Amino acid sequence: MKKIIIGIDISSKTLDICLNTEGCTEHFTIANQVKAIHVFFKKLACEQVVVAMENTGRYNWQLYEALPKYRFEVYVIPALHLKKSMGLVRGKNDTVDAERICKFIQKNQDECTAWKPTSVNIQKMKVLLTERNARIKLKRQLLGQRSDYNLMKTIGLEKQLTKMNQDLISTLEKQIEKLETEIEKIVQADESLKAQAKQIRSVPGVGPVTCWAMIAKTEGFSTITDPRKMACYCGIVPFDHQSGTSVKRRPRVSTYADKSMKSILHLAAMSAIRFDNKFRDYYRRKVDEGKNKMSVLNAVRNKIVHTIFALIKNQATYQDHLVLS
């Protein structure tokens, strides 16, 4: 049985495929449609095939639908990981990108985690959360425009524009509320997600949005099972920055992070330290010791992540007498 390595560069309408068989490379271009994908992969069904692709969001969906029907090893690689692994390169096109993905998985397969199909409910949650985030961003932009309308009093447009602005904001608020209702229906209809949501929301400061985001990002705590990895993914883990004796800076968080998750956890931490619980006690104790407030708040975010994972692992809800180190 031959071992075939396949790298796929994905666009909205086409898939550029680099197929490597025992050192011999071939290039193909097919439509990004389920039917075309089946036609291409059916002839490889009996071979040992490794498929790698870049994570491009919704453009991956046709492959996600087709590939589970074959016994292939599939890897979905973050775009940043691919970019940083390439080193010094010049030029770019779809054929070259497919070949680079193929070479990447040949070298790094042992270090990558194989992709597994996601449940329909998790897929729905991810899509609805993305739509919700898009509307919240648009709402924030509209709110920011209000101060500019005061500058238009001299030409008499401020009232008309303010009313139009408010109408759009009201429409967005209704849509956001509807999306949140749909997400909660999905959670409550799935017994596993419902149990996880109950455990997560029992943590002080953690509300529905944090709960939904944690479930979606970890795919029901199946793809990310280590709290340290989740904390690193969210950008709340400080790293050393030193070299020899001349370069030695204070540990700081990395810019390579999911900024949306970091923001959500920040709001959860801010909420947690407002009420009487172990998180607030920890925060006040460290601040009284002279620690930087933002540094301590970041530690609270980290503790929230570790607490959530501990509750999921132990199938328990939060107890306020839980000892926090």
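Residues numbered from 1 in each chain as written. Predicted model: local features only at pLDDT ≥ 70, side-chain atom pairs only at ≥ 80, totals over all residues. Heavy atoms only, no water.

**Points about the overall build of the chain**
- Of the regular secondary structure elements, the chain holds twelve helices and seven strands.
- Relative to its 325 residues, the chain shows a buried fraction of 38%.
- For the chain, contacts bridging at least 24 residues in sequence account for 60% of all contacts bridging at least 6.
- Of the roughly 19800 Å² of accessible surface on the chain, a fraction of 52% belongs to carbon and sulfur atoms.
- For the chain, the centre of its 54 positive side-chain charges and the centre of its 33 negative side-chain charges are spaced 4 Å apart. (Helix = DSSP H or I, 4+ residues; strand = E, 2+ residues; numbered from the N terminus. Buried < 20%, exposed > 50% of the residue type's maximum accessible area, 1.4 Å probe, protein only. Contact = heavy atoms within 4.5 Å. Areas by Shrake-Rupley, 256 points an atom, 1.4 Å probe, with all protein chains shown as cover. Lys, Arg positive; Asp, Glu negative; His and termini not counted. Charge placed at Lys NZ, Arg CZ, Asp CG, Glu CD.)

**Overview of the pattern of salt bridges**
- The full count for this structure, using the stated rule, is 15 salt bridges.
- The shortest N-O distance in the salt bridge between Glu-131 and Arg-135 comes to 2.8 Å. One end of the pair is Glu-131 and the other is Arg-135, both in helix α5 (residues 120-149) and four residues apart, which spans about a single turn.
- Its salt-bridge partner being Lys-286, residue Glu-289 comes within 3.7 Å of it at the nearest N-O pair.
- What makes Glu-289 partly exposed here is its relative accessible area of 49%.
- Taking the relative accessible area as the measure of exposure, Lys-286 reaches 22% and is therefore partly exposed.
- In this structure, a network of salt bridges that share partners links the residues Arg-58, Glu-131 and Arg-135. (Salt bridge = Lys/Arg side-chain N within 4 Å of Asp/Glu carboxyl O.)

**Let's talk about the packing of aromatic side chains**
- The full count for this structure, using the stated rule, is eight aromatic pairs.
- Each ring, one from Phe-41 and one from Tyr-70, has its centre 6.3 Å from the other, and the planes form 45 degrees; the classification is tilted. On the criterion of sequence distance, the pair formed by Phe-41 in helix α1 (residues 34-42) and Tyr-70 in the loop between α2 (61-66) and β5 (73-77) is long-range, its members being 29 residues apart. Tyr-70 carries the same exposure label as Phe-41, and that label is buried. (Phe/Tyr/Trp six-rings, centres within 6.5 Å; stacked < 30°, edge-to-face > 60°.)

**Some remarks on the pairing of β5**
- The sheet contact formed by strand β4 (residues 48-54) and β5 spans five bridges and is parallel. What sits directly across from Glu-54, in β5, is Ile-77.
- For the handedness criterion, the β-α-β arrangement of β4, α2 and β5 is classed as right-handed. (Pairing = 2+ DSSP bridges. Right-handed = clockwise from strand over helix to strand, strands pointing away.)

**Quick look at the packing of α5 against helix α8 (residues 208-218)**
- At a closest axis distance of 10 Å, the pairing of α5 and α8 adopts a crossing angle of 130 degrees. Here α5 lies oblique to α8, going by the angle between them. α8 is crossed by α5, and the crossing has left-handed handedness. Touching Ile-122, Met-125, Lys-126, Leu-129 and Arg-132 of α5 are Val-209, Trp-212, Ala-213, Ile-215 and Ala-216, all from α8. (Axes fitted to C-alpha atoms, helices over the stretch in contact; angles between N-to-C directions. Parallel < 35°, antiparallel > 145°, perpendicular 65-115°, else oblique. Left-handed = near helix turned anticlockwise from the far one by under 90°.)

**Brief notes about the sheet that holds strand β3 (residues 24-31)**
- What the five strands build is an open sheet, ordered β3-β2-β1-β4-β5; its pairing is mixed. The sheet is open, and its two borders are formed by β3 and β5, each paired with just one other strand. Strand-to-strand twist across the sheet, computed as the mean angle between neighbouring axes with direction ignored, equals 20 degrees.
- Note: strand β1 (residues 3-10) against strand β2 (residues 14-21), seven bridges, orientation antiparallel. Within the sheet, the bridge partner assigned to Ile-10 lies in β2 and is Leu-15.
- The strands touched by α1 within the sheet are β1, β2, β3 and β4, with β3 carrying the most contacts at an inclination of about 155 degrees.

**Some thoughts on the nonpolar core**
- The biggest cluster of nonpolar side chains holds 45 residues, and the ones touching the most others in it are Met-125, Ile-215, Ile-304 and Ile-308.
- Within the residue set of this core, elements represented by two or more residues are α5, α6 (158-189), α7 (191-201), α8, α9 (227-234), α10 (259-272), α11 (278-288) and α12 (293-314).
- No other element matches α12, which puts nine residues into this core.
- Grouped together as the second largest cluster of nonpolar side chains are 23 residues, Phe-41, Met-53, Val-74 and Trp-115 included. (Core = buried A, V, L, I, M, F, W, Y, C linked by side-chain atoms within 4.5 Å.)

**Observations concerning the layout of surface pockets**
- Roughly 440 Å³ of internal volume is contained in the second largest pocket.
- If you list the elements that add at least two residues to the lining of the second largest pocket, you get β7 (247-253) and α12.
- Looking at the lining of the second largest pocket, the element that brings in the most residues is α12, giving six residues.
- Considering only residue class, the lining of the second largest pocket consists of six nonpolar, four polar and three charged. (1 Å grid on protein atoms, 1.4 Å probe; cavity = no way out; pocket = protein on both sides within 12 Å on 5 of 7 lines; lining within 4 Å. Points joined across faces, edges and corners; volume = space filled by probe spheres on them. Nonpolar A, V, L, I, M, F, W, Y, C, P; charged D, E, K, R; others polar.)

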